[in-house]
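Chain and residue survey
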Amino acid sequence: MATHSVAEDCEQLRKAFAGWGTNEGLIISILAHRSSAQIKLIRETYAQTYGEDLLKDLDKELSSDFERVVVLWALDPAERDAFLANEATKRWTSSNQVLVEITCTRTSDQLLLAKQAYHARFKRSLEEDVAYRSSGDFRKLLVPLASTYRYEGDEVNMTLAKSEAKILHEKISEKAYNHEDVIRILSTRGKAQINATLNHYKNEFGNDINKDLKTDPKDEFLAVLRATVKCLTRPEKYFEKVLRLAINKRGTDEGALTRVVTTRAEIDMKIIKEEYHKRNSVTLDHAIGKDTTGDYEKMLLALICHGDA
Amino acid sequence: MDKRKKTTILVRREKKLNKEGEKIMTSPEECEALRTAFSGPHGVEEKSMLEILVKCNPADLTTFRKNSPGIFSDDECYFEKWDSSHMKFLENEFLRFQRAVIQRTMHPWERDALLVRKSLEEKPPLYNLLIELACTRTSEEFLGARKAFQCLYSESVEEFVAVRVEGFQRRLLVALASTYRYEGMRIDEAMIKLECQKLGRAIKIDKKNEIEKDDEVLRILTTRSKHYLKTIHKCYKESYDSNLEEDLDDIQILRDTVNCLCAPPIYFSKILDKAMSVGPTEQEIEALTRVIVTRTDVDMKDIAAEFNRKFGAPLIERIEAAALGNYRDFLVALVKRGMAN
């Protein structure tokens, strides 16, 4: 394993800012190839050595999409999630989906760290902001999703899976999508248990639950429910879809692209790339290369290969 | 020798003899003390038992049994039979000190996890206990309890609670059990005023039985930080000239929630008083142990002060009058310790 001198990295980064322009290539070559733990050390050393916050310097020197991807990447994963969640509570468009994504694809401990980072940075809890900014059925679902500390064990109770699959099917058939038991099952059960329940749902009733939740394609709440199910049970498929829609969209949804790449680079990007290739017949590298340009493109490409070799 | 009627034997000194010519070793006062030692309802008086029982000879014991109709009866049998419900009662009283010791020694997370489990497994369920745990512990302490719960029971607190309650209770209790509140002092004064008005409108103006349907009341109570809520409590008092928890009196779980979040010493002192009054349930009696053991390192001073203020007698005095033996000494020592901190 290559040893990178933290002091060297700091020096190089400082050099990248020196003079008129910014040496973006240097920034990419360093930061894209450091783990979040290493970046943490770099930030600390940079602050000690130069008396300034690396993130602030990045903010000053870089702009737009490239800046956003670099700064997000340089944040500690918990801080990053807290930042993205907070941003989501302030926006309307696709905010629900981002909140579902963050609260449901993270492990219980990752979400907990994000909530602690949220306290530290925003002096409020994630729950109170999500609650305040949402209403009605969305609040009923999103707040429990944000609060829950799910059991992460592998043990599954098959009897329970059967009975809860039945409950879900009943409520969905009655179009009682916001029923308290639907919310209860999705927001309190552990992921292994939910998986077992939904497998049984398909075995017993013939369809994937998300198929049955597609009765009205315009219904935003149903979309959020489907996203919840997907994030809890098949996160790599969920992320593939987000990337696909972001890239295929007219003009590209850089926000979504940046978010998925920076938050999954250290987690499951390899699996997501495989899913992407399977579903789209081109590699993610190829698609990003076609759809983005410049330093932004370079950084994204470096990040999606982060874990490789 | 003629059969003499059973008479009360005046026992003064060991030199006395009973009708069978046996020596009598104990005085009526000692008999009474022994009876008290066996009577609870807050522990047993080990010291009396140790001293007096050892002194007793078989004749004394017979006398004691014959003179303790609450404990022994001889209507059906040829001897003074121990009443079986008293036997169970006594077993429980002996265990009070044990339970107090275990609660004190156990890791607080494990202790609280067990209490969470108990709160909804008891019949009838003890919602106030669950609320107490979720609201009087710090965010970190309760999070620890949640982790311990998962460790002990292979499921989350949220799952456990959600499946055992319904409707409004579910929404409130699951939210209280899962929220991870901000514990700092930063508050938004403008927001507090707005939310205070929201509460006031919901409680004072809208019909009281609509409160359960009011999403905002639930949101404010289950997500805002404790410092924020204490400030709202003050604001509410200034705006409406009444206490928030009193106005929520109709809905006990909301009233308990507000008390536990805004003024735990008031909530705890009420529980202590109930435990030591006449006719509490076993759950209410056990609360004496729980409150003293769990608060000695937290806010015992405030609880004792509030207790004194509200009930007119120092907490220690009440405990000394109500409890017995090692159990009493343990509780009193914990209170003293808490007050000294």
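Quick summary incoming for the structure in this document. Model, not experiment: these values are computed from the prediction. Each chain has its residues counted from 1, running along the sequence as written. To label them, take the chains in the order written and letter them from A, then take the ligands in the order written and number them from 1. The predicted origin of the model limits local features to residues at a pLDDT of at least 70 and limits the giving and counting of side-chain atom pairs to 80 or more, whereas totals for whole chains, interfaces and linings rest on all residues. Hydrogen atoms and water are omitted, and side-chain values are computed over all heavy atoms in the structure.

**Thoughts on the layout of surface pockets**
- Reported here for the largest pocket is a volume of approximately 1,200 Å³.
- Lining the largest pocket are 41 residues, and of these Q97, A227, K230, Y238 and K241 of chain A sit closest to its centre.
- In DSSP terms, a helix is any run of H or I states spanning at least four residues, a strand is any run of E spanning at least two, and both are numbered starting from the N terminus. Elements with a contribution of two residues or more to the lining of the largest pocket: α6 (77-90), α7 (95-105), α13 (191-205), α14 (209-212), α15 (220-233), α16 (235-248) and α17 (254-264) of chain A.
- It is α15 of chain A that provides the largest number of residues to the lining of the largest pocket, a total of eight residues.
- Gly is placed with the polar residues, together with every amino acid not listed as nonpolar (Ala, Val, Leu, Ile, Met, Phe, Trp, Tyr, Cys and Pro) or charged (Asp, Glu, Lys and Arg). Across the lining of the largest pocket, the residue classes tally to 15 nonpolar, 10 polar and 16 charged.
- Buriedness of a pocket was judged along seven lines, with at least five required to meet protein on both sides within 12 Å; pockets are open sets of points on a 1 Å grid over the protein atoms alone, cavities are sets where a 1.4 Å probe fits but cannot get out, and lining residues have an atom within 4 Å of a point. Grid points are joined across faces, edges and corners, and a volume is the space filled by probe spheres set on the points. By volume, the second largest pocket amounts to about 870 Å³.
- At the level of secondary structure, the elements contributing two or more residues to the lining of the second largest pocket comprise α6 (127-136), α13 (244-247), α14 (252-262), α15 (264-276), α16 (282-295) and α17 (300-311) of chain B.
- Across the lining of the second largest pocket, the residue classes tally to 12 nonpolar, eight polar and 17 charged.

**Some words on the environment of Y296 of chain A**
All names here are of chain A.
- Mapped onto the elements, Y296 comes out in helix α20 (residues 294-304).
- Along the sequence, Y296 and E67 sit 229 residues apart, while their C-alpha atoms lie 8.1 Å from each other.
- Whenever a nitrogen or oxygen atom comes within 3.5 Å of another N or O atom, the pair is scored as a polar contact, on the condition that within protein one atom can donate a hydrogen and the other can accept it, and that pairs from neighbouring residues in sequence are kept only if both atoms are in side chains. For Y296, the side chain forms a polar contact with the main-chain oxygen of E254, separated by 3.3 Å.

**What about the packing of aromatic side chains?**
- Side-chain rings of Phe, Tyr and Trp (the six-membered ring for Trp) are treated as a pair once their centres are within 6.5 Å; stacked means planes under 30 degrees apart, edge-to-face means over 60, and tilted covers the remaining angles. Across all of its chains, the model carries 15 aromatic pairs over all chains by this definition.
- Ring centres of Y118 of chain A and F122 of chain A lie 4.7 Å apart, and the angle between their planes is 50 degrees; on these two criteria the pair is classed as tilted. You can see Y118 of chain A and its partner F122 of chain A sitting in helix α8 (residues 108-122), four residues apart, about one turn around the helix.
- For every residue, the accessible area obtained with a 1.4 Å probe (protein chains only) is divided by the maximum for its type, and the residue is called buried under 20%, exposed over 50%, and partly exposed between those limits. Judged by its relative accessible area of 0%, Y118 of chain A is buried.
- In this structure F122 of chain A comes out as buried when scored by relative accessible area, which is 16%.
- Their ring planes at 55 degrees and their centres at 4.9 Å tell us that F72 of chain B and W82 of chain B sit as a pair that is tilted. Of this pair, F72 of chain B sits in strand β1 (residues 72-73) while W82 of chain B sits in strand β2 (residues 81-82), and the two are 10 residues apart along the sequence.
- In this scheme, the term charge over a ring applies when either NZ of a lysine or CZ of an arginine sits within 6 Å of the ring centre and within 35 degrees of the ring normal. Lying over the aromatic face of Y153 of chain B, R117 of chain B brings its terminal NZ or CZ to 4.2 Å of the ring centre.

**Some remarks on helix α3 (residues 36-50) of chain A**
Residues and elements named next belong to chain A.
- When the terminal C-alpha atoms of α3 are compared, their 21 Å separation across 15 residues agrees well with the 21 Å that a helix rising 1.5 Å per residue should span.
- Buried within α3 we find S36, I39, I42, R43 and Y46. Relative to the axis of α3, the buried residues are bounded by an arc of 105 degrees and lie together on one face. For α3, exposure combined with an orientation more than 90 degrees from the buried face picks out A37 and Q48.
- The contact definition used throughout considers only heavy atoms, calling two residues in contact when any of these lie within 4.5 Å. Tucked into the core, α3 has its buried residues touching α1 (6-17), α2 (24-31), α4 (54-61), α5 (64-74) and α6.
- In the segment just after α3, G51 is the residue with positive phi, at about 70 degrees. Every helix has an expected span of 1.5 Å times one less than the residues it contains. An arc is given here, and it is the one of the directions from the helix axis to the C-beta atoms.

It is worth stressing that arrangement in space is one thing and function is another; only the former is reported here.
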